[in-house]
Amino acid sequence: MPRILIVEDSPTQARNLSGILEDAGFAVETAPDAEQGFDCILRQPFDLVLTDLNLPGTSGFDLCRRIKADRDRGGIPVVLLTRWADPVNALRGLEAGADGFVTKGREEKEIVQRLNQTLARSIRAGSGDNRKRTTIDYLGQQYQVAADQLLDVLLMAFEDQVYLKQRLEAELVERKQAEASFRAVVESTPNGIIMIGSDGKIELVNSQTEKLFGYSRDELFGQPIEMLVPEHFRSVHVKHREAFFAAPEIRGMGKGRDLFGRHKDGSEFPVEIGLKPVQCQNGPFVLAAITDITERKRAEAEILKLNNELEQRVNERTAELVEAYRGLAEKHRDNERSEKRLAGIIRSATDSILTLDDEHRITLFNATAEKTFLRTAAEAIGQPIHLFMRNPV
């Protein structure tokens, strides 16, 4: 079972690489830097060293030179772990005595295959001390590299460049697909959607925006957003826009204020606007969702008008009722005064006065009647009248 030493300062990278190689049948040790890595090599034998280039303190290049300069361990193949394939790194690595390269992010099977190829080639090549070296001039810099491995290592670098190109192409396809999906969502939105950059220039609009403002998207692209703002608000809008980019947040625009958009024909219409900041690779942007609220405002105005009319009618009816109540109250007071006068007349009358209901029962019995009939009013009221007549009919 081949023994491999991984020299990697990132615990996550070291753990991932260890898992890949152990699953492939390798015995793995790890070290976080070049010094501890070389100490491991001194203590125990390894069939291959896989080291990162960017290590704290001593670099991966220097570790490779140190291993290759050691009389007893110079034959250990060293593979440099890089983020991306780079011809300069490849030549520097070859000059340091590296036997191969592995690019971070490659598929697991490709990493294992690259290490197996390097192990097989190192067995054929023998010790680094016996290798014939040749001079390579690249971008004005000369490098002394082992001639027998130059072609193999450069082919590895070329493979990495091809892989990088394929990966970038795949990312470009994914990005285009994501952009197409985003545009499809934007186009299907019932609101007007506008994206502007920090310079206030329009970068994206949907078809609903064209309908709202009367401009085609070709007329809008690259134009300042203020062209869609009423003229008397434009200077103020620039200040609000700059303040938003200074402290971007998801919020509604113009809280507590009425907002208006300007149509291509110069007419203005009420709008409601929501803002969402978006950070892209080429800088900050803001997405604005615009809703024409003309119908809502018209409905609100109609409701307000109806409420005012209803309130007027209620006020008028209330006034009528108040006046009617006053009339009734005055009539009631007149009746009370009349009743009091009548009661006074009845009480002071010298004749007996009786009143009857429909059943001829006494309902009123004055003081003179009490004296005449020798009955109190309390005894008489409610009694049939015939009881008080000498010759009842």
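Look up a bit, the structure's there.
For clarity, every value in this text was computed on a predicted model and none was experimentally measured.

Draft legend 1. The sheet that holds strand 3 (residues 48-52), seen in detail. The strand order 2-1-3-4-5 describes an open sheet built from five strands, whose pairing is parallel. At either margin of the open sheet sits one strand with a lone partner, and together these are strand 2 (27-31) and strand 5 (100-103). Averaged over all pairs of adjacent strands, the angle between strand axes in this sheet comes to 25°, irrespective of strand direction. The pairing of strand 3 with strand 4 (residues 78-82) spans four bridges and is classified as parallel. Bridge pairing in strand 4 links V49 to V78. Packing against the sheet, helix 2 (residues 34-43) makes contact with strand 1 (3-7), strand 2 and strand 3, and its axis sits at approximately 165° to strand 1.

Draft legend 2. Just the packing of aromatic side chains, in detail. By the definition in use, this model includes five aromatic pairs. Seen from their ring centres, F244 and F245 are 6.1 Å apart, and the 85° between their planes marks the pair as edge-to-face. When the ring of F365 is compared with that of F373, the centres are 6.0 Å apart and the planes differ by 40°; the resulting orientation is tilted. A relative accessible area of 29% places F373 in the partly exposed class. Three or more aromatic residues link up through ring pairs in this structure, and these residues are F365, F373 and F388. Lying over the aromatic face of F38, R66 brings its terminal NZ or CZ to 4.0 Å of the ring centre.

Draft legend 3. Quick look at the nonpolar core. Core analysis: the biggest nonpolar cluster contains 22 residues, and L5, I41, V49, I67 and L80 have the highest contact counts within it. At the level of elements, strand 1, helix 2, helix 3 (60-69), strand 4 and helix 4 (87-96) are the ones that each hand at least two residues to this core. Once residues within four sequence positions are removed from consideration, I41 is found in contact with L5, F46, V49, I67, R73 and I76. One finds F213, F269, I273 and A288 within the second-largest nonpolar core, a separate group that totals 21 residues.

Criteria and thresholds
Residues numbered from 1 in each chain as written. Predicted model: local features only at pLDDT ≥ 70, side-chain atom pairs only at ≥ 80, totals over all residues. Heavy atoms only, no water. Pairing = 2+ DSSP bridges. Helix = DSSP H or I, 4+ residues; strand = E, 2+ residues; numbered from the N terminus. Axes fitted to C-alpha atoms, helices over the stretch in contact; angles between N-to-C directions. Contact = heavy atoms within 4.5 Å. Phe/Tyr/Trp six-rings, centres within 6.5 Å; stacked < 30°, edge-to-face > 60°. Buried < 20%, exposed > 50% of the residue type's maximum accessible area, 1.4 Å probe, protein only. Lys NZ or Arg CZ within 6 Å of the ring centre and 35° of its normal. Core = buried A, V, L, I, M, F, W, Y, C linked by side-chain atoms within 4.5 Å.

On their own, these measurements won't tell you what the molecule is for.
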